[in-house]
Amino acid sequence: MIEAAATNLRKVLLVDGEAILREVYTEEARRAGLEPLVAAGAEDAWRIFRDEQPDVVVTDLDLPGEGSGADLIQRVRATSLGAIIPVIAVSPGKRAIRGVTDAVILHDVDDFLDKPVHGERLLWRITELVEGRPIGVLSQSGNANDLDRAVSLDRTLDFLQGRLEERDVATLFFSFFATGRSGKLCVMEGKEVIQVWFHRGWPVFAESNIDGMDLSQWLVRGGKVDGDAMAEARTEWMDVDRSLGVVLISRGAISARTMFEENQANVDAVIATLFSWTVGNYYVEYSQSPMTYEPPETVSLQRSPTHYVVEGIRGHYSRERCTEILSTAQGRLEVSDAAPFILRELVDPYYYENVIAQMGQGGTAPKLLQMHPFDKDDDALRAVCALWVVGGVVEKISAEQLRRVRRSTASQADRIREAVASAASREHPDVRAAREARIRARLDRRKKRAAERRKSDVASIMNALDKVSAEVAYENGVKLLARRRYDEAARTLEEAVRLAPHMAKWYSTLAQAYLAMEDAGPEELDKALQRP
């Protein structure tokens, strides 16, 4: 079970029309160290949301009385706080929704769970969305440590680049789901490019210029669209702000149903190909604002990110590749508490249950690789490697080992910061300029429509946004200060103080960050003495 936090309990708003479920959720939340806020309907939930400012919202889509769960989610997402906190939707089945990806796109939620929802499973998912999935290194106490694994990339980073030989592609892919981030993963080898877009951790679109993988080639070679009709559609597509699929459908070149199915199959094939790449360059762009993030297109996928990673490793990873990934684990390998819930996301959970049963107790990765069947059965080795990447298998280390990891990753963090500082987009300047122009045009249209709908005073809205932004910046600054990342903490706390100069106690925290900076100059030290 998740260990309860001693202080600063996170608030979770639980909305459900069934009293018995509200009691179950409340009990599980308290056991998990969360402060439960419960409501039976949308109006009560909205009032609690405004008054209590929760950290997470979990709501049924079918609520009694006026207002549905979808209406509540829309109102929550329209606020500055609701735009950034995790929101989970639950429903008694998928009668109205084809799958999780549909719910994520349609309702702008971070996850969708079917009823009946296992209480402990729900709390694990909440913890994953708030703190990041506990993957890789765990201390003996069971507390997650996100310093050593790329899958728990720092949420403050907005760009990362490097070579695939240095960072595994499955780990990069899964990092979006582990941290609940939106953005894009781009992998390049020579002139071949694969790009995957994510929304709140879920893959929603992918494209590639690999021969046969390009969507237009895919449709023509499959006999779904005539070559001449495709050429004409592409010519029109270059001059309009619509996706290629919409252009083809509007021209009558393909039916909407066929386009949906083929686009879905193409995205599946592109993502599967991604896991076969072992060399090349990559870059990761994280979106800081999920509300304004727009992929080129969105496709409903029936498989979870966990499933893509497990099948990708199972289908494309060699024994040497799996051994190299597992070699980073020097401590004791154990099955995580999240493993039963992860197995539910897989098509063949029984196979992985058997693999877990054969792992033994207390063995390190080198010892595991010498055990039967992992010494000769490549399928079993790939299964363990996949579970390691998605967090079904974790490494437990002693306090001294944990200190060594933290010391070694301090220099690693410096290298990441240098990479971010010197990062440049791999896109051609003309392509990037055209893409940025389209995004700016879309945002301008959104702003114009928002201005027409705005009825309240602009100044009061900006003050409210500044207040929330200041609080978020202050909380991030305190976290960075606790991690001894003093330079970043100082910059973040400066932003908080700028937005809320009346908060006197914040100046003391900012002063701590200045005084802790190793390269603090006279200007920083002088600021540390200032008070409002």
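Definitions and cut-offs
- The numbers attached to residues start from 1 for each chain and follow its sequence in the written order.
- Two thresholds apply to this predicted model, a pLDDT of at least 70 for residue-level local features and 80 or more for giving and counting side-chain atom pairs, whereas whole-chain, interface and lining totals are computed over all residues.
- The side-chain figures draw on all heavy atoms in the structure; neither hydrogens nor water molecules are used.
- Secondary structure counts use DSSP, requiring at least four H or I residues in a row for a helix and at least two E residues in a row for a strand, with both numbered from the N terminus.
- Relative accessibility under 20% of the residue-type maximum defines a buried residue, over 50% an exposed one, and the middle range a partly exposed one, all with a 1.4 Å probe and only protein chains included.
- Contacts are assigned to residue pairs that have any heavy atoms within 4.5 Å of one another.
- Accessibility throughout is a Shrake-Rupley quantity obtained with a 1.4 Å probe, and a residue counts as covered only by protein chains that appear here.
- Salt bridges are defined as contacts in which a side-chain nitrogen from Lys or Arg sits within 4 Å of a carboxyl oxygen from Asp or Glu.
- Aromatic pairing here means that ring centres of Phe, Tyr or Trp (its six-membered ring) are within 6.5 Å. Orientation follows from the plane angle: under 30 degrees is stacked, over 60 is edge-to-face, and everything else is tilted.
- Whether a charge lies above a ring is judged from NZ of Lys or CZ of Arg, which has to be within 6 Å of the ring centre and within 35 degrees of the ring normal.
- As used here, the arc belongs to the directions running from the helix axis to the C-beta atoms.
- Should DSSP find at least two bridges between two strands, the strands are regarded as paired.
- For every element, the axis is a line fit to its C-alpha atoms; helices are fit only across the contacting stretch, and the angle between N-to-C directions ranges from 0 to 180 degrees.
- Given a helix with a known number of residues, its expected span is that number minus one, times 1.5 Å.
- Disulfides are defined as pairs of cysteine sulfur atoms found within 2.5 Å of each other.
- A residue's pLDDT is simply how confident the predictor is in it, with values from 0 to 100.
- Residue types Ala, Val, Leu, Ile, Met, Phe, Trp, Tyr and Cys, when buried and joined through side-chain atoms within 4.5 Å, form a set referred to as a nonpolar core.

Caption draft 1: Representation of the overall build of the chain in the model. When its secondary structure is counted, the chain shows 22 helices and 13 strands. Counting only residues that meet the buried cut, the chain has 49% of its 532 residues in that class. Residue pairs at least 24 apart in sequence account for 69% of intrachain contacts in the chain once pairs closer than 6 positions are excluded. Accessible surface, the chain as shown: approximately 25,800 Å² in total, 51% of it carbon and sulfur.

Caption draft 2: Structural context of unusual backbone geometry. A positive phi is found at R200, a non-glycine position, where the angle reads about 50°. Turning to its location among the elements, R200 is positioned in the loop between β9 (192-199) and β10 (202-208). Residue R484 is not a glycine yet carries a positive backbone phi of 65°. Within the element layout of this structure, R484 appears in the loop between α19 (458-482) and α20 (486-499).

Caption draft 3: Local environment of the pattern of salt bridges. Scanning the model with the defined rule gives 22 salt bridges in all. Close ionic contact of R75 with E43 constitutes a salt bridge, the shortest N to O distance being 3.2 Å. With a gap of 32 residues between them, R75 in helix α3 (residues 69-77) and E43 in helix α2 (residues 42-52) connect regions that are remote in the sequence. By relative accessible area, R75 is classed as partly exposed at 32%. Look at E43 and you get partly exposed, because its relative accessible area is 40%. A salt bridge links R221 to D211; the nearest nitrogen and oxygen atoms lie 2.7 Å apart. In this pair, R221 sits in helix α7 (residues 215-221) while D211 sits in the loop between β10 and α7, placing the two residues ten residues apart along the sequence. Here R221 and D211 have matching classes, each one exposed.

Caption draft 4: Quick peek at the packing of aromatic side chains. Considering all chains together, one arrives at nine aromatic pairs under this definition. Here the aromatic rings of F173 and F198 are separated by 5.1 Å at their centres, their planes lie at 70°, and the arrangement is edge-to-face. Of this pair, F173 sits in helix α6 (residues 169-179) while F198 sits in strand β9, and the two are 25 residues apart along the sequence. Both residues of the pair, F173 and F198, count as buried. An aromatic cluster of at least three residues, connected via ring pairs, comprises F173, F176, F198, F275 and Y308. It is R314 that lies over the ring of Y351; its NZ or CZ is 4.7 Å from the centre. In this structure, R321 packs its charged tip against the face of Y317, placed 3.6 Å from the ring centre.

Caption draft 5: Fine view of helix α12 (residues 319-326). Those residues of α12 that sit buried are R321, C322, I325 and L326. Buried residues of α12 fall within an arc of 130° about the axis and therefore sit on the same side. Those residues of α12 that are exposed and aimed more than 90 degrees away from the buried face are E320 and E324.

Caption draft 6: Structural context of the sheet that holds strand β3 (residues 56-60). Read across the sheet, five strands follow the order β2-β1-β3-β4-β5 without closing on themselves; strand pairing throughout is parallel. Edge positions in the open sheet fall to β2 (34-39) and β5 (111-114), since each of these has one partner strand only. When strand polarity is set aside, the average angle formed by the axes of neighbouring strands in this sheet is 20°. Summarising the sheet, strand β4 (residues 87-91) and β5 pair through four bridges and their orientation is parallel. Bridged to I88 within β5 is D111. Running at roughly 165° to β2, helix α1 (residues 19-31) makes contact with β1 (10-15) and β2 of the sheet.

Caption draft 7: Main features of the environment of G280. Looking at where G280 falls in the secondary structure, it is placed in the loop between α10 (256-274) and β11 (281-286). Separated by 90 residues in the primary sequence, G280 and G190 place their C-alpha atoms 7.5 Å from one another. Every residue in contact with G280, bar those within four places of it in the chain, is listed here: G162, R163, L164, E165, M188 and E189.

Caption draft 8: View of helix α11 (residues 305-316). Between the first and last C-alpha of α11 there are 16 Å, a value that for twelve residues agrees with the 16 Å anticipated at 1.5 Å per step. Every buried residue belonging to α11 is among P305, T306, H307, Y308, V309, V310, G312 and I313, and all of these are buried.

Caption draft 9: Quick peek at the state of the cysteines. The final tally for this structure, using the stated rule, is zero disulfides. With no disulfide of its own, C322 lies 3.9 Å from the sulfur of C385, the closest cysteine sulfur.

Caption draft 10: Broad picture of the confidence of the model for the chain. Here the chain averages 76 in pLDDT, while 74% of its residues score no lower than 70. A low-confidence stretch, residues 136-157 (pLDDT under 50), is modelled with 76 contacts involving residues beyond four sequence positions or located in other chains.

Caption draft 11: Looking closely at the nonpolar core. Judged by nonpolar contacts, the single largest core of 70 residues is most densely connected at F173, L185, I271, F275, V309 and I313. With ten residues, helix α16 (residues 378-390) is the single largest residue contributor to this core. Ignoring any residue separated from it by four or fewer positions in sequence, one finds I313 in contact with A170, C322, R382, C385, A386 and V389. One finds V15, L61, L72 and A89 within the second-largest nonpolar core, a separate group that totals 21 residues.

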